[in-house]
Each structure stands twice: as C-alpha cells, then as structure tokens.
Amino acid sequence: METIKFAGIEGEIIESSPHSNYLVVRLSDRITIIGTFSNQFHWEEMPDASSGFESFITYIGVRSTAGAEKVKEIVAGVGGYFYSKEQQPRLRKRVEAFPLELKVRGLTAEFVAEVVRKQAKFNC
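The paragraphs below set out a description of the structure included in this document. (Residues numbered from 1 in each chain as written. Predicted model: local features only at pLDDT ≥ 70, side-chain atom pairs only at ≥ 80, totals over all residues. Heavy atoms only, no water.)

1. Some details on the overall build of the chain
Helix and strand counts for the chain come out as two helices and seven strands. Its C-alpha radius of gyration of 13 Å places the chain within 12% of the 14 Å reference for a compact globule of 124 residues. Principal-axis analysis of the C-alpha atoms places the extent of the chain at approximately 35 × 30 × 25 Å. Sorting the 124 residues of the chain into buried and exposed places 52% on the buried side. Contacts in the chain between residues far apart in sequence, at least 24 positions, make up 51% of those at least 6 positions apart. Surface accessibility of the chain: about 6,400 Å² in total, with carbon and sulfur atoms responsible for 50%. One finds the centroid of the 16 positive side-chain charges in the chain at a distance of 6 Å from the centroid of its 16 negative side-chain charges. (Helix = DSSP H or I, 4+ residues; strand = E, 2+ residues; numbered from the N terminus. Rg over C-alpha atoms; globule rule 2.2 N^0.38 Å. Buried < 20%, exposed > 50% of the residue type's maximum accessible area, 1.4 Å probe, protein only. Contact = heavy atoms within 4.5 Å. Areas by Shrake-Rupley, 256 points an atom, 1.4 Å probe, with all protein chains shown as cover. Lys, Arg positive; Asp, Glu negative; His and termini not counted. Charge placed at Lys NZ, Arg CZ, Asp CG, Glu CD.)

2. Things to note about the pairing of strand β4 (residues 31-36)
In terms of burial, β4 is largely enclosed, as six of its six residues are buried. Here β4 shows no split at all, with Ile31, Ile33 and Gly35 on one side and Thr32, Ile34 and Thr36 on the other all buried. As defined by bridge partners, strand β3 (residues 22-26) adjoins β4 across five bridges and the pair is classed as antiparallel. Looking at the pairing, Leu23 lines up with Gly35 of β4. In sequence, β3 turns back onto β4 through a hairpin of four residues. Note that β4 and strand β5 (residues 55-62) share six bridges and pair antiparallel. Its bridge partner being in β5, Ile31 is matched across the sheet by Ile60. (Pairing = 2+ DSSP bridges.)

3. What about helix α2 (residues 109-117)?
When α2 is considered as a whole, its buried residues turn out to be Ala109, Phe111, Val112, Ala113, Val115 and Val116. Elements that come into contact with the buried residues of α2 comprise β1 (3-6), β2 (9-16), β4, β5 and α1 (65-77).

Put into structure tokens, the structure is as follows:
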C-alpha cells in the first residue's frame, strides 16, 4: 500500500494517472480526493504543501439524498461549491464505502483534514 500525506493526514493512494498528473487518495471511508501536481485540468488552485498538490477535488460519501443535502449545506457554509451538473449525488465511483457520493470543489485542505479527523461532522 502506497501512501501520501495530505494536510497532515496519511492517505492511501488508490489510483495514479498514466503520466502521474494526478493521484486518487483515500483519506477515510467517507473522503477521497483527486490531487494534481500540474493542474493541467485548470481546477481551482487549492495547494497543499504536505502532498505537493497544486489543486484537488474532494469526493464525500453519503448514504442518501437527504444526507447529501446536509453535506451540501455544510460545504456551502465553508465556501465549497458544486458545478450545476454535480448538484445531485451520483452512484459511487471514488468513495467505495458509501452508495452515493458528492463531487465537491473549493474546499481547503485544512477543512478536508478536519472532516477526516472528525467524521461526525458529516453524520449522514
């Protein structure tokens, strides 16, 4: 198992792009990120010094659409956002421990680390 530090959290690398432009990192059962070193995808710049990522996107696992609404409220309160086509939870793709997931943009590395440490914040 290969690991990487992200905002002080030890994460498991579960996938790497063919040219190592991005890594898929499981931080907990509920939180997975995709981090990029080159930001060739032009994501919002949200660097993390411990991992070397220039930017990242966060995936949060949820159990239901009601749970997704609760997560969306919390995310909006800390400056996170969703593209219009990503407003609704989708079937899991990155977060295997949950049936649904939300693709969240604009979260800080510090907020993601806080959620990983305090899983109860997203108790849904």
